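Results of the structural survey
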Amino acid sequence: MAASPSLTAKPMPEQRWLGRPVERVEDATLLTGSGYFTDDLPVRAGTLHAAILRSPHAHAEILSIDTSKAAARPGVVVVLTGSDIKADTDPFIIVLRQPMDQWSLATDRVRFVGEAVAVVVAENRYLAEDAVDDIRVEYRKLPAVIDPLRAIEKDAPLVHPKVGSNVPSERHFTYGDPDRRFSEVDQVVSLTVNYPRNSQTPLEGYVVVADYQPGEGVYDVLCNFQGPFTVHPVMSKALRCQGAQLRIRTPAYSGGGFGVKQAIFPYVVLMCVASRRTRRPVKWVEDRFEHLAAAIAAPNRIIHAQAAVKKDGTVTALRFEQIDDYGAYLRPPMPGPLYRQHGIMTGAYGVKDMSITNKLVMTNKTPSGMVRGFGGPQIYYAIERLMQRVAVELGLDPLDVIRKNLIPAGSFPYRAPAGALIDSGDYQTGTALAERDGGLAELRRKRDEARAAGRLYGIGFAAVVEPAQSNMGYLSTIVPVEERRKAGPKGGNVAYATVHVDCLGTVSVTADSLPQGQGHATILSQIVAEQLGLDPHDIRCNMERDTQRDPWSIATGNYSSRFSSSTAVAAQMAAIKIRRKLSEIASQTLNVPAEQVAFGNGKIFAKDNPDNSIRFSRVAGTAHWSPGELPTGMAPGISETASYSAPELEPPNDADQINTSLTYGFVFDYCGVEVDRDTGAVRIDKYVTMHDAGRILNPLIAEGQIYGSFGWGVGCALLEEFVYSPDGSFLSGTFADYLCPTSCEVPRPVILHMECPSPFTPLGAKGLAEGNVMSTPVCIANAVADALGARDVKLPLTPSRVKALMGETERPPRAARPVSSLKAPKAGAKATAGSGTLTVPVAPEVVWRALFDPTILKRTIPGCHNLDLVAPNSYRADVSLGVGIIKGRFAARVALSDLDPPRAATLSGGLEGALGITVGSARVRLAPQGAGTLIEYEYNAEISGKAAAVGGRMLDGATKVLINQFFQRLIAEMTGGAAPAGEGKQSWWRRLLNALGLGT
Amino acid sequence: MLELKEGQRHPITMTLDGQEVRGLTEPRMLLSDFLRQELGRPEVHVGCEHGVCGVCTVLIDGKPARSCLTFAVQAAGRRVDTIRSLADKDGKLNDLQSAFRRHHALQCGYCTPGILLSAEAFLRENARPSEQEVREMLSGHICRCTGYVGMVDAILETAQQRASAGTP
């Protein structure tokens, strides 16, 4: 500011910064790589590093854990297990009063693949990971339940036996008289949808550095937590400390959040315990497998939806029965996604009568958590698929059905039956604008032409009300009225911001929004610059937060698109306080009343006579240097904090109505897709998205949020799903298995805007960063349904699913077929199978002898550290194996049976380790071939645990490589180095080994 | 030729952003970890450690490479360039970085260094790329925030400006 050349310029009329595409103040830092993320920040000397052992089973009792070998390794400081955690912490508080205790490590049983079982703390991460492989856990496998429909059956295995059921909460809600409406109408349209588990998976995983300071019993924690701070008391109570003894510091830069970084909290507690036990700071950086397997997922949800419909397409009532799958534990604020949209379950429609049944289901999957959209993608998938079905079943145009039912223009603020107070909007104008400016008529022509040419082309629509800034009382809707009365009313959403002016007139801002890339600093700069007549790039925003130094509330954080209607408002209020103060100080010098003072170009001046001016920095200096000169009664210094919570965010009422959000934007989308008849691939030909987000504060950032939200929407529609096999093995543990959309899958959408400012927030801004996450998946699904004439469309629409909708099923991959002569793998488990031949230049008898010689086997089994004969023809070995990123140590058991010397033998047994469990058998046949031997083998194996998360092709390839490696070494052992003839040349092996990260 | 021993730290040298640097590394240490932990270069980010996301991309002898799939010892004696090689020493953004800012091609910025390096290497070999070619190059990277639109525009605009200025 002081150095700004604009200071010498003549004062200008006040400049408007809001609404302009101001380039981001964050970018110069990030573009040069100097925006430091949590793992990049300095830590105290002596900081230790943690690595976590995770469960390979979906459901098992922990019988014993032997950490002695791991603890004895060089560099290992401590190994903690569930019993340590149980001794040092209390279970996490949960939203329901149900016996579902959970700690930061599993105690007596594991309930999902990837659940943390033990933590090793060592001098560095490499040493910690080495030691993880040396922990021995004895499990007793229990039947797992994965499918939520199976979980709600009476005889299903129980995830939490003390609850007595897998449904710890069920509530029924009725608004108006839906039964009557359903009995009156011409037709009832029904549909069941099944929304998949997915997550936006930020590219930076969780990072925690915990430093216990024994003097005052303070846990000083640096972590990339994103709020809301409703879990701060959950953590401090678990740690049995005061709130102020748990100091949470969050960084200025975070590598994406999307809700997911809320669920870091169990690890915060775990590392706090590790630091207290070791009296040293402990750092943990989550890896990608850990993130995909064990961070969180948006809940998969089954919704039975029904609409009562008149012949003309008017929907008079809705019924929803929701079965929402929370996985193995209910981590606060779960089951948020089931209630976050509660007030607005009628969507964009003026339906008055509705019933809702909410069932919360537990299964042996990763716990569910916060993900962008937060229940919206699930419910809009049901509502908008249902509207499309209404059109199809009544023979009407889908857009006509949408229009007929939209909330009428002119009825805002509009109270929806379940309680949402929709602040503003004009849905008719919005849809008309999108139809006209997006080129719907042209798109319809294109569809007709494509269809006439025999191609599969469809158009989909979606209308979505986009809620923003959650009412912190929404989750209390889950408990009945009487219980709510006892607990006291909950509502609101408190925001804080501080504006500070230093003695040279530089303005700095701090705020409680914990951004993860949304450009909050830029918008705060615009808001403050506009109030104080400065340039946004001269305002310094520090987006770090520290619970010991900054004001915070339970609502602090970055979620529910709250920024532009909460923290931004608090910043505006704080800037106005500063402006008033400076106006009063300046009015003394300018000799005009304070109301006549204006700000611009770094000067403070008389509104009617801009030449009568004083430098901004000079006025600010007065407050610092000459408090005695300030107007009578004015507080010295110049730093203002403002807090804000909108009065419209009332607690739920006795009729279970809840205004779940402060603002409600409108999104109307349509798209044209073409389905490839041969491959089943879905190509998005055109996508139009119209947004009413109220007043737009920065169009550049606004469009960026829409593009990003749309990009994830495309991923949800076409690619992304966390897949489990029926036995609970997790199959999506790498980015080669959990597919994120790339620049080749995400087209450029046409973005259109209209602005109906919110009357409830001083800036008039509503949310816009989550709408496409709700609208895009169902819009694409509706287009595919239209292209194929399909009814039951399940996401993601992978080519094989689309082919199935077209009535064709894909053949299963060859390698997964069991080999005939061996026992088939158990149904539900991940299987790998194969066969092969090799010729070796020694006689069958020599090969046979080698197979029974422990010393030779020890030298030839790849990665074998140790091998003992435990019984005749039965071995136990300790081996290191790896596939891609999944590498680890296993205990192997192998028994030789069905012996037919020297012609054939069956090898059976398994591998067991932190990475998973493999059980299988192989038949090996030896036949003389010239002077040598032809070896034929076939094998079947079932794989569970972490290793199952690796894609099938990778696993099959790696298995083959290992078998070849074994025989190659065996031959080298017998012949003194001759290479085998047969499939696979050495160079090919090397290449594949390298490609798989298996370099020896 | 360096003879490597498990568990031992070996001295290696490389030319990092134009300067010769030395460090000690175990044979198993990844180049990404070596740059971050041994050479104090946290601007090399890590996203998946299995070669899919592209976050950790650096240039090795001018070619984009996943530093998470490269052992530090493999980069011994070679030229390694990171995001620091783009802006000038006062931190002034180069034309591509400025275009990223103008087109709002980044949000959280975690994937950005790797993408900028791939894009620079790509533009050196493709002076007048089509949008499809830019998209295919970018498909080696995952960005979860932006939907890629701003990046595509920034790269195309930079290509056009460099072509018309005659400085590919």
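In this text, all values refer to a predicted model and were calculated from it rather than measured experimentally.

Now for the overall build of chain A. A tally of regular secondary structure across chain A gives 25 helices and 37 strands. Taking 30 Å as the expected radius of gyration for a compact globule of 1000 residues, we find that chain A reaches 32 Å, a close match to that expectation. Along the longest, intermediate and shortest principal axes, the C-alpha atoms of chain A span 110 × 75 × 55 Å. A buried classification covers 63% of the 1000 residues belonging to chain A.

To continue, consider the overall build of chain B. Scanning chain B from N- to C-terminus turns up five helices and five strands. Secondary structure elements in chain B, listed N-terminal to C-terminal, are β-β-α-β-β-β-α-α-α-α. Computed over its C-alpha atoms, the radius of gyration of chain B comes to 17 Å, within 12% of the 15 Å expected for a compact globule of 168 residues. Taken along its principal axes, the extent of the C-alpha atoms in chain B is 50 × 30 × 25 Å. Buried residues in chain B amount to 58% of all 168 residues. In chain B, once contacts between residues fewer than 6 apart in sequence are set aside, the share between residues at least 24 apart is 53%. Surface accessibility of chain B: about 7,200 Å² in total, with carbon and sulfur atoms responsible for 46%. Treating the 20 positive side-chain charges of chain B as one cloud and the 21 negative ones as another, the clouds have centres 2 Å apart.

With respect to the element layout, Q388 of chain A can be found in helix α11 (residues 376-394). Side chain to side chain, Q388 of chain A and R385 of chain A meet in a polar contact 2.8 Å long.

To continue, consider the sheet that holds strand β25 (residues 609-615) of chain A. Residues and elements named next belong to chain A. Overall, antiparallel pairing links the three strands, which are arranged β23-β24-β25 in an open sheet. Since the sheet does not close on itself, it has two edges, and those belong to β23 (597-600) and β25, each with one partner. Neighbour to neighbour, the strand axes of the sheet diverge by 35° on average, direction disregarded. As defined by bridge partners, β23 adjoins strand β24 (residues 603-606) across four bridges and the pair is classed as antiparallel. Pairing of V597 across the sheet is with A606, part of β24. Docked against the sheet, helix α17 (residues 567-590) engages β23, β24 and β25, running at close to 110° with respect to β23.

Let us look at the state of the cysteines. Tallying each qualifying case throughout the model produces zero disulfides over all chains. Left unpaired, C744 of chain A is separated from the closest cysteine sulfur, that of C143 of chain B, by 14 Å.

Residues and elements named next belong to chain B. Close contact between helix α3 (residues 112-125) and helix α4 (residues 131-138) brings their axes to 10 Å; oriented N to C, the two are set at 135°. Regarding the angle of α3 to α4, the classification is oblique. For α3 against α4, the interelement crossing comes out right-handed. Between α3 and α4, the contacting residues are I115, S118, A119 and F122 on the first element and E133, V134, M137 and L138 on the second. Split into classes, the residues belonging to the contact of α3 with α4 amount to six nonpolar, one polar and one charged.

The rules behind these values
Residues numbered from 1 in each chain as written. Chains lettered and ligands numbered in written order. Predicted model: local features only at pLDDT ≥ 70, side-chain atom pairs only at ≥ 80, totals over all residues. Heavy atoms only, no water. Helix = DSSP H or I, 4+ residues; strand = E, 2+ residues; numbered from the N terminus. Rg over C-alpha atoms; globule rule 2.2 N^0.38 Å. Buried < 20%, exposed > 50% of the residue type's maximum accessible area, 1.4 Å probe, protein only. Contact = heavy atoms within 4.5 Å. Areas by Shrake-Rupley, 256 points an atom, 1.4 Å probe, with all protein chains shown as cover. Lys, Arg positive; Asp, Glu negative; His and termini not counted. Charge placed at Lys NZ, Arg CZ, Asp CG, Glu CD. Polar contact = N/O pair within 3.5 Å; in protein donor to acceptor, adjacent residues only side chain to side chain. Pairing = 2+ DSSP bridges. Axes fitted to C-alpha atoms, helices over the stretch in contact; angles between N-to-C directions. Disulfide = S-S within 2.5 Å. Parallel < 35°, antiparallel > 145°, perpendicular 65-115°, else oblique. Left-handed = near helix turned anticlockwise from the far one by under 90°. Nonpolar A, V, L, I, M, F, W, Y, C, P; charged D, E, K, R; others polar.

So, to be careful, I would describe these as geometric facts and stop short of saying anything about function.
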